[in-house]
Structure formats: C-alpha cells, structure tokens
Amino acid sequence: MNVRKSLPMLFFVFCLGVSHTQGQDIAVDYTFGEKYNDRYKFSNLLSISKDANGGSVLVRAYYTGLILKPKGYFIEHYDKDLVLLSEYNYKLKNANFVEGYVRNGQVYLLFLDYNYDSQSYEYIVHRSPIAEMNFTEETLLTIPSKEVQNPLDKNYYNRNFTSGFSTSVLFDEEKTAFVISAHFKKGKSNNHFIYMFDTSLRKLVEHDFSAEVEEKNYAFESVAISKNLGTAFIIGKAYFKKRRFTAQERKFQYELIQISSNGSRIQTFDDAGKFSEGLKPIINGTDLFCVGFYADRKDNRYNGLSYFKLDPNSLAIRSKKYNPFSEQFMMDKFGREEDKEIKNLVFKNASVTDEGDLLFNAEEYFVTSSVQANSSGGRIKVQRYHHNDIVSAKLNANGEVIWIRNINKAEVTQGDGAYASYSSCTKNGNTYFFISTAAENPQILPGERLLFKQGLSRNRNVFTIRLDPQGNISYEKLIDDKEARLPLMVSKPLIAPSNDLLFYAKRGSKKQLVKVVL
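Quick summary incoming for the structure in this document. (Residues numbered from 1 in each chain as written. Predicted model: local features only at pLDDT ≥ 70, side-chain atom pairs only at ≥ 80, totals over all residues. Heavy atoms only, no water.)

So, on to the sheet that holds strand β20 (residues 275–284). Read from one edge to the other, the open sheet built from four strands follows the order β20-β21-β22-β23, with strand pairing classed as antiparallel. Looking at the sheet topology across the chains shown, the edges are occupied by β20 and β23 (317–324). Neighbour to neighbour, the strand axes of the sheet diverge by 20° on average, direction disregarded. Taken together, the seven bridges between strand β21 (residues 287–295) and strand β22 (residues 304–310) define a ladder with antiparallel strand orientation. Looking across to β22, one finds that Y294 is bridged to G304. (Pairing = 2+ DSSP bridges. Helix = DSSP H or I, 4+ residues; strand = E, 2+ residues; numbered from the N terminus. Axes fitted to C-alpha atoms, helices over the stretch in contact; angles between N-to-C directions.)

By the definition in use, this model includes 21 salt bridges. Measuring nitrogen to oxygen at the nearest pair gives 2.5 Å for the salt bridge that ties E76 to R60. With a gap of 16 residues between them, E76 in strand β6 (residues 69–78) and R60 in strand β5 (residues 56–64) connect regions that are remote in the sequence. In this pair, the class of E76 matches that of R60, namely buried. In this structure, the salt-bridge partner of K175 is E99, at a minimum N-O distance of 3.8 Å. (Salt bridge = Lys/Arg side-chain N within 4 Å of Asp/Glu carboxyl O. Buried < 20%, exposed > 50% of the residue type's maximum accessible area, 1.4 Å probe, protein only.)

Now for the environment of N441. As for its placement among the helices and strands, N441 is situated in the loop between β29 (430–437) and β30 (443–445). Judged by relative accessible area, N441 falls into the exposed class, the value being 57%.

As structure tokens, then:
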C-alpha cells in the first residue's frame, strides 16, 4: 500500500478554456472545523460516510515503525457541526481493505483475506455500532483458490487473468447494494460467479457466469442497481481469449451485463467503424442509459461521445448516437496544437438533471513506471499515477450534445492520490469542480485558456470551477492557502444529498474537516 510521508505529488500545469477571463462570483461557501491533534502521522483515508444525524464517519489505515507497516484502522466520528465526537483504534493487522460504509447506525468494513487453513479467499465483513465500538465478524463468501498476487487489483487497461483467481467489488453510487465478481480456475475448471448483496448483507442474487468465460475474460468497471435492488447492470470490458489478432486489431469489447434472480443478459455496443472506449450505466426512473466515449478505429484514441438508450428488461437498444468531439472542445484541450490525441479516460461522475439531461465527466488517468537508484545503491521500480485532463459533457435525453468541454491539467503522484485529481457535483444545472493547487492566480493564454503554474508554497489554494447549463466556464479561488493551512483531500469528499461537500484535511499530526456549501 502507498503511504503518505509528506504531500507526495507534483502539479506541473493546470489550465482550462474559459468563457470569462476574470474570477467570478460563484455561490459557494465553506466552513472550517476545529483543528485536532492526530496520533498517526502516516495514514491513508479509505472511506468517508454520513451517519443518520448529519454527521460523518471516516476510516483510515495507519502505519507505524521505523520501516512503516500497516498496523490497523483508525475510525473518527464527527457531528454535523464538524465536532469530533469519538475516535477508535481498530488494531487489525494483515487485512486487505475493500470498502467501508455506514448503515443503520453501524459501520461496516469489508475485507478480502486469504485463509491458509482452508486454502480459500474469504470476503469478511467487520461491523460495529457507531455509538459503542465493538466489532463482530461475518464471512460473506468463501472461494477456494491458491493464493495469488493482487487478486483485487484494478487496472483499467491491462488486467491480469492468468493468475488463477481474479475478483472485483462494485458499489452503486448510493451505497445501497454491491456486486462481487469472482473468477477462479483450477486445472480444467474455469468458474466465474457474480453475487449481489444489499448493504445490510442480504444476498440478493447468485449467478453462475461460467459459460461466458469460456471465450472471454471480464474486467468489470461500474454498476447501476435498480431501485428495488432486484437487478444489477454491470459494465464490463470483455477480453477475447481464443481468437488470433493482428497487431492493429482490438482484443476486447465493452458489454453491459444484466443479472437478476431470473438469470442474465448481455448487450454489446460496437458498430462498423465505431468502437466503445468506456461506458457508464445510468438509471433514471424507468429509463436505462449507457454513455461514454468511442473510437472510429481500433486503437486507444477517442473520437467522440457515445449514447445508448436501452430497454431495462430486454437490454434491446432503443436509440443510439455518436457525437464527434466539437471544435470548441478540441480548442479547449489543445489550443492550436496539431498533435491531437485523446485517450485513457476514466469515469468519475454521472447524473441526470431535473429536465432529463445527462451530465458526466471523466479524467485522463494512466500509470507509468521507471527504475531508479535507492539510498543503499540498489534499484527499485517506481510507479507514478497521472491524473490529467477533465472531460465534461452534457447530452439531452435523446443523446444530442448540448456541450462538451475540456479542463486541462497535469498531476502526478507516487503516493496518496487523495490530494490529487478533483471532485465534482451538480446543482441547479451547474457542474462544480474542486481542485487544489499551489498556484495563486491563473495566467491568461490565447484562445481564452488559463494556465495554473506550480507555486512554491507548501500550502494549497482550493479553486472552484463552474460549468453553467450552457457550458460556459468560470472559476474562483474558494479557499486561500493562508486559510487552508492543511491540504484538502480534494478527490475523496463526502457528498450529501443536498450536494454539500465535506473534505478531510490533514498534514502530519494535525487534521480538520472542511464543509463546502453550494
């Protein structure tokens, strides 16, 4: 696991195309909670959830020792006024955290552990009442398998299916339910099961998906779950196994998998000259949509937006549209540069407005690695996580583009990514983005674009960027670095139903909460 030793990231540039070149009055307010001392200098924020009374529960993994090692989980409970009510040190070693959430006055921690006695992987839930921490354990699933490296590894581009066991867990946006995919092989046996549970841990569906993996391996990326919790719609990247491919051919296709107690259905999307490069399912009332990106040739470059409206029962495609990237979007992203290549987009958020329009945004994300010398004269492999441009789009209910904009930025981190990337939410037709940077003010570039240069301050300003219903971009410095003495974990907020946001701020032995109100 990555450990934050200071602020382990670098901001190279951050720029965006804007319709106004001045900071605007954006109706956003914020409140600082009290600063508290923290006993664990080295930790990672794993989850942040709301309680039933407007408060919040945070779960962190912490590390101690001369050679930092994970020692347990630290749980903090705050009230609606950002006051720290309680802390609890759950000393649990050698556990592989998957997700944490709060439901019915209890905190749930989901782990994936290996049982050496039974030679099997186990999904285990630890839960406790918030008011009086007293954890009990419950085994949710047991899957026989040899131990493998990175069984829960989530890699968007090069998933490893050769190890003999691969599993993934996907929660819906509201944390009402989740699905567990388990693909395991032994000898000639090749099995893949998909399970769905509600967040009270009732098993809703168990489906044998093994027939499909005879020809394809699946890397599941996102899920939408029906309001009655009866059906899951899972987007998966299906990799063909037994075909022969030329160097230019695509080895995968995106599929929508529907599972329920009645079985499963699969829908594919690729057309002649149109290849899906990322999709996300959205349920709005009785409508089911899949929105994303497409390429017009079999490589990794994206050429526009794709839209599909489906029958939620049969998965038949009722309508579809392919929208090439607009000139405005390409100008936002590249200015007048000739080298125009768009790829590696990973979804962050998607929502539906009161008028039925679809809003979604994604981020250019990729990983690079290099070998460098360490202090003892040896060589180590270093991975760097890149969080680059934001793509934001608005489609109407028929899939026609209202606008698509690009926000240019470049961030890289070797450690805790919570401080990098961005967060976003929508309210009254506006889309708001929150980013953190040491830059004091943007530099105006030709083409109504802005450039945030790296500053020298250790503290960070928090900027709000707003896209209005017409796609016009404005910005404002929300929190000055002289006020925000602790850096905010901008990519891991708690977003309330009212679209207020709660951010955790921490450096060393100091911590506090920051509430942002739209």
